[in-house]
Amino acid sequence: MFGDMFDDEVDVNAASNDQITIKSGKESIPKPRCMGQVGGTNIVGIINQGATCFLNSLIQTLFFTPELRDAVFSLAKEELGSRGDVNYRIIPSQLQLLFANMLLLDQANVSTTDLTDSFGWKNREDFCQHDVQELNRILFSALEDSLVGLTGASMISDLYRGTIVNQIRCTECGNVSEREENFLDLTVAVAGYSSLADSLTDSYLNTEDLTGKNQYLCSHCDKLVDGEKGAKLRDLPPLLTFCLLRLTFDIQTMQRKKETSYYTFPQEISMGAYMDAESEKCLDYELFSVVVHRGGAHGGHYHALIKDIDELGHWTKPNGKLETSEKVPSRKAEKEYLQFESPTDLLDHILLSERDWVSTDYLSQRIVQETGVSWNKRFKKRYQSLARFLSNHPDRYLFDEACKKVKSCFIGDTADPDKRISEVANCSPETLSTETDAHWFSLDDRKVRPANKSDIEKYFGGKECAYMLYYRQKSLTRPADAKGNVYHHVPEHLVATVSDINSSMRSLRESEEQRLNTMAVKVFLPTEYTFRNGFITCKAGHKYMEFLLDQRKMLDECLDEMFHQLPTEEVLGRDSDWYLVKQINDVIHLLEKLSDGSPSARSLSSIGLNSDRGLLLLSQRLIDKQQVPCGLDDQPYRLTFVYELVEKELLLAKSLSLQELPALAMSEIQAEPPIYLYTYIGKSKQIHELPTHENTPLHKHLQDSTVVKISHRNIQESNAACQKIKLFVEGMIEEINMEKCSFHVDPSDSVSSFAEDVQKFLTDQYKVSHNLSFRLRRSCNNTHGLPLFTDRTIEESHLSDGDHLLIEKGIPATSSQMVLYYHENVASTITYSIVCRCTQTISQCIQQMVENAALSGGEYYITTLDWIGEPLSVVYNTNQSLAKAKIKHGDGVLLIEGLPPPKDAVVITVKWQPQNRSNGVCISYAQWLVNLMGDLTLEDSEIQPCHPMYSCWSTKVSRKTSIEEIKCQLKPAIDAESAHPVESVNQIQLRSITGTHPSTIYKVDSKTLEQYKVRGATSTFLAEILSPEEDVLRQDDILLLLRKRDRMADDYGVEERFKWDTSNSSTAAHLRRAIAAHLECSASHLHLALFVPECLEWRIISDTISSITSRSKRGRSRPTTKTLATNLKKAPYQIEDGDLVGYIIASEDCEAITEDMFQTSAEQRLKQIGLDKKRKRRKEKANEDEWLIPSNDQNRRQEKAISIQVGNFTN
C-alpha cells in the first residue's frame, strides 16, 4: 500500500521508469520516458502519493482497457465544460487528462494528484489504506453520476453492467419466482474452493434445497412448500470483472484474516454454462488484467499484471523470472504466516509454485517458512511422516524414495528428477516463454517491467496473490489504426495541451542539462609553485585560474580555448605541455600528459576532473630535469621518521622500493647503522618491523602519513619491551601511608612473582617487614573487586594495561581456595576475612570464622548479603559445601550469634499507643470517616486524615508461634514505653490491620498465626491496651462500635465499644435485645443499621429475611418463599469485629425508619469525591490507552470509509 517502501531490490528492467527527478534549484524536472532505449517500455508509471497503490493499480487497468479508454476520450469537451462552470464535470475531465498524459506526456511517471483532488480527498485519504474493489465500485458510481445528461452517460453500464437472476422453483407446481439484480463485478468465494470454475459452479449451477423450517410461500400454491433456490447469469457485459473474496472475518478469533490458499483461474473462460438461457452474445472471455495484493488482512500493497492490447508499449522478453516479493509490508516487525487446514492444500501450494522436482529437506524448510511450524508438529500425529504421506498419495505427488525428491502430478512432467533439473538449468530464457507472453507488463506504481503470461500463475496463492481479475470478450476487436497508435481517439485539445507541456519540459531539460554539464576546471600556473625532493610544491599564497567549460566538448578544443586565455607565451615557455594533476595537500602531482601532439577524440568529461584535480601547463624539459614522477603509482607519500629526539617529514613516491628506504632514512636523519624500521599496528603497543630486505613498493606496507620509527634494536627486543603492561598499586594497610605507584610487568608472569616485587618495593621504600602477609585485590571505580589467586598469571587474571590493584592484609589465596569477608553482626563496622577451601562445609566455615574473630563459644549461623551489603537469605543447611550454597570467591556474609530463624518465619510489626486507650481523645464521626477512607477528604480545608502516633515493635517469629507467646515478647516493649506498666498479658489485645483500619481481633491466645491464616512474609498488628475493668474477649464475642444517629445535627454521637456475646445466638433480634439492654431502652423502639464502608452506605438490620426455595410436588418443581431469622454472621451482613452499628431510638408514632435516615451529608460528599476521583482516573487511563493498541493490532491505522464527492447534475 505504501509504494516502494517494502521493496528490497529494484529490477534492472524497471530502472528506466523508476528514475529520480532532476532537481533545478527549487523546481523538480521529471525524467523523460525511455523511448527506444534498451530495456525501455515506453509505458509510464504512476507516482504513489503515500498509500495510493490501490488507486494506481485500478487506473492502470482502466487505462489499458481500450474500450473504456476510447469511451472516456469520446466525451466532448463542450459537454464536460471547463473549470469555473457551474456544471463542470471535473472527474471525467481529469480522467481524460490523466489518460492523455499516460499516452503522450514525455515523462517517466505521472501523478494522480489532480484526479484525487477532483474526488474531494482533502483529509489525507491518499495516506489511508483502502480496498481496490471498493474503489472500483465507488469510482464507477461517481462517473455515472458525473455523466448524467451527457451522450456518454451509459458508458459504464454498456461496458461493465451485467444481470444476475435469483430463482426459487416450487417442487410441487414447478412455478419459478425470479428477482433480477445488476452488477458491475462478480464477487466469488475463495475459502473452500480450489479454482474459479469451482466457485462459479457452486454459485450459479448448484441449488439450495428449501425444506423444513426454510420452506417458502409459493404464490401459485398459496402455501409453504419445498423449493430449490439458485442463481443464474442472465446478461453479461463486454468487460467482466471478478473480485476474489480473499479477506474474510474469522468468527472464532473475531478478527479479519486473509485467505492465502491456492486458487487457480484460467487465461480464457467460457461463461455459457452459467447462463439461465442461451445468448447470442459472445460468452468467451480472455484475461487481460490481474490486480495482485501482497500483505495481510490489515494492510499491504497492490500492483497489477496487465496485457497491452493495443501494443502501446515496447515489450521485450524478460531476462529472468518476475520477482515476487515475499516480504509482507507490515508496520510491525512480525511475519504473517499462511493458514492451511489440509496438508494437501499446503503441499500443492508449495510444489505448484516450485514447478519442478524438490528434495524433501527443501520441502520441510518451505513448510516452516510458509506456516511458521514444522510438519512433525502440525501434521505428523494425524497424517504420519512427510515421506509416508507423499508415498500414500501417488495420485497427487510423484515421490522418488531413492533420491528423496518429490513433484506435483499436476505439473505434467514425469521425467527423472535429476535429468529434469539438469535440463531446466541448461535451457535458455528464450525457451521458457512463448509468443503468447507478448505485451504483458508488471505495473507497480513507478516500476514498469515486461512480464511473461505465465507469471500470473505465481499469484494463485500465498501472501502475494491475485485479488481482482479483469476479462474481456474475445469477440471485441480493435481498429487497425489503434495498434501502436498513441494518438488514437485522443481529443485534439488534449493533444495540444500535452504538447505544450512537453515543449516547456524540453526547454527546462535543455537548460538544466546545460547547467549540469558545465564544469569548473582549475588551471595551475607553474610560476606559483616550486620543486622539492622531485615533487611540485605550492608557494605561499599560491593561486590558480578557473574556467567554466562544457564537459561534453572535445578535450583538444577545451585546451586550445584555455591556452588563449592564459598569460603570454614568454611567461609559460614555448615547449609547455598540458598535464592532468592532483592536488594532495601542498603537493601538485602529475597524473597524465594530455597534449602529446596527436589528435585526441576524448571529451573533457572523460579525463576524470573533480574538486581536487586540475590542469597544469608545464615544460617537459623542466620535468625531466627535476625528475618529477608522473602517474597514479608514483603519488607522493608523506612519511614521518622518528629517531630518538629527531622527527623529520619526507615526501616519497609510493612506488619507492622498501630496500631503498633504510639508506634514504640514514641520509636524511643521519643515523648510524645498523638500523631497523618499524611501525605501530592499530592502537596497541605491538610493533611491526618493515621487511626492508624485500624489493616491494612502499604502498604495499605503509599508508600515507605513517610514522616510521628508527631503532637499533631488532623486532624481538622491541616486542619484549612493548609487551609489558603498567599496573597501578595502592595500599589499604593503616600502618603504611603508601601512595599510588606503578609497576611494569610481563603478562606471562605469575601473581606470586608480582607480589614478591611489590613486597620488595614495600621493604625498600617503606621499611615494611618481610613477614607482612598481604594479598592483591582488584579496584575499579572506587569499588573493591576480587582478590587475585597467586597461582595464576597476570594474563589469566584478566589484568590489562592501566588496571588498579589494592594491597590488603590477609593470607593470599590459590585457585582452589576462596576469600570470604564477614561481619560479626549487622551493626558491626569491622570486616574480617578468612581463606578457606572451596570444598569446606558451611559448619566448618562458621567455626573458622568464630576462631578468626576470637568470638566466644555458642551457636552461630550465617546470612548471605546482596550487592549493597544488605542481609539476603539465611543458610540453613550447614552440611553442604560453599559451592553448593552458591557462595563464591570474594563474597561477603553476615555471622550472627544464636539459632537461625525458622524457615517459615514471618516478620510481624506491632503498633500501639503509648497511652491507655481509655485516656484517648474521642474523635467525631466525620473524622472517623475520613480516617477510614484514607485518601479521601471532605474538603481540602475542612478535615484531613488524622491518625494517632504509634510506637512500633518488630520481630521475626515462626508461623507456629501462638498469640500468647507474641504477647509475652511484646509486654516488655510496651512497659518500657508506657507510664503505667501492663499488669498482665491479658490486658493486651491484638488485632489485624486491613489498610489503615483495625479489623479481626485475635481472641484465642492458644491459637497460632498459622491457624489464624496469617500469610505473607510480613504482617502488621495493632495492640490495644485494655483497662483492668474491661473483660477479655472470648472466641464467640464480637466487638462492635455503636454510634447514635442525631438527625437534628446531621451527625452521629460519641463512639461506644460494645461486646456482643454470640455463643447462644447471632440473630438480628438477639443483637437488638442486647444493645437495648445496654442502652436501657425498649427493643421495639430501637432501630439498627450496619455501616458498609465499601459503598459508604447504611444497611437496615432487619429481624427476618426472605428465602426462596424450590420444592418438588408430584414431579413438579415449585418455588416457595420462606421467612427466616436473620443470621448476622452470614450474608448479606457478615458482621465482624470493629464494624460500626448506628441506632435510632424512635417513638411508637414515628414514621417508618429507612436507610436514608441513617445517611448523613458527610457520607454523600465523600461518595461524590470518590466518584469524581474514579472518573478522573478513568479519563486519564483512557487518554493513555488511546495510544496503546493490542499487540496483534499494534501501530494499525484507524480505518476510514472511502468516498468520492460528485456534484448534482440531475437538473
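As shown above, the structure is provided for reference.
I will try to describe carefully the structure that is included in this document. What you see is a predicted model; the values in this text were computed from it and never measured.

This brings us to the packing of helix 2 (residues 66-73) against helix 4 (residues 90-104). Working note: a packed helix pair is described by the angle between its axes plus the distance between those axes. Two elements in contact, helix 2 and helix 4, have axes whose closest approach is 9 Å; the angle formed by their N-to-C orientations is 120°. When the interaxial angle is binned, helix 2 and helix 4 end up oblique. Where helix 2 crosses over helix 4, the handedness of that crossing is left-handed. Of the residues in helix 4, those in contact with R69, V72 and F73 of helix 2 are L95, Q96, F99, A100 and L103. Of the residues assigned to the contact of helix 2 with helix 4, the class counts are six nonpolar, one polar and one charged.

Within soluble globular proteins, side chains that are nonpolar tend to cluster in buried spots. Among the nonpolar cores identified, the biggest contains 64 residues, and I59, F99, M102 and Y160 are the most heavily contacted of them. With eight residues, the single largest contributor to this core is helix 4. Setting aside residues up to four positions removed in sequence, F99 forms contacts with I59, L62, F63, R69, V72 and F73. Counting 35 residues, the second largest nonpolar core, distinct from the first, contains A231, Y262, Y263 and L305.

On to helix 2. By the criterion of burial, helix 2 is predominantly enclosed, with eight of the eight residues buried. Residues of helix 2 that are buried: P66, E67, L68, R69, D70, A71, V72 and F73. Along its buried surface, helix 2 packs onto helix 1 (53-63), helix 4, helix 7 (155-160), strand 12 (239-245), strand 23 (464-473) and helix 15 (492-516).

Pairing geometry for strand 13 (residues 247-250) and strand 14 (residues 255-258), over four bridges, is antiparallel. Its bridge partner being in strand 14, L247 is matched across the sheet by K258. Connecting strand 13 to the next strand, strand 14, in antiparallel fashion are four residues, including M254 with a positive phi near 55°.

Pairing is mixed in the open sheet, where five strands are placed in the order 42-41-45-43-44. A strand with exactly one partner marks an edge of an open sheet, and here the two such strands are strand 42 (832-837) and strand 44 (871-874). Across the sheet, the axes of successive neighbouring strands diverge by a mean angle of 40°, strand direction being ignored. As judged from the three bridges shared by strand 43 (residues 860-865) and strand 44, these two strands associate in the antiparallel manner. Bridging across to strand 44, L865 finds its partner in P871. The strands touched by helix 22 (residues 842-853) are strand 41 (817-823), strand 42, strand 43 and strand 45 (892-897); relative to strand 42, the strand with the most contacts, the crossing angle is about 140°.

Conventions and cut-offs
Residues numbered from 1 in each chain as written. Predicted model: local features only at pLDDT ≥ 70, side-chain atom pairs only at ≥ 80, totals over all residues. Heavy atoms only, no water. Axes fitted to C-alpha atoms, helices over the stretch in contact; angles between N-to-C directions. Helix = DSSP H or I, 4+ residues; strand = E, 2+ residues; numbered from the N terminus. Parallel < 35°, antiparallel > 145°, perpendicular 65-115°, else oblique. Left-handed = near helix turned anticlockwise from the far one by under 90°. Contact = heavy atoms within 4.5 Å. Nonpolar A, V, L, I, M, F, W, Y, C, P; charged D, E, K, R; others polar. Core = buried A, V, L, I, M, F, W, Y, C linked by side-chain atoms within 4.5 Å. Buried < 20%, exposed > 50% of the residue type's maximum accessible area, 1.4 Å probe, protein only. Pairing = 2+ DSSP bridges.

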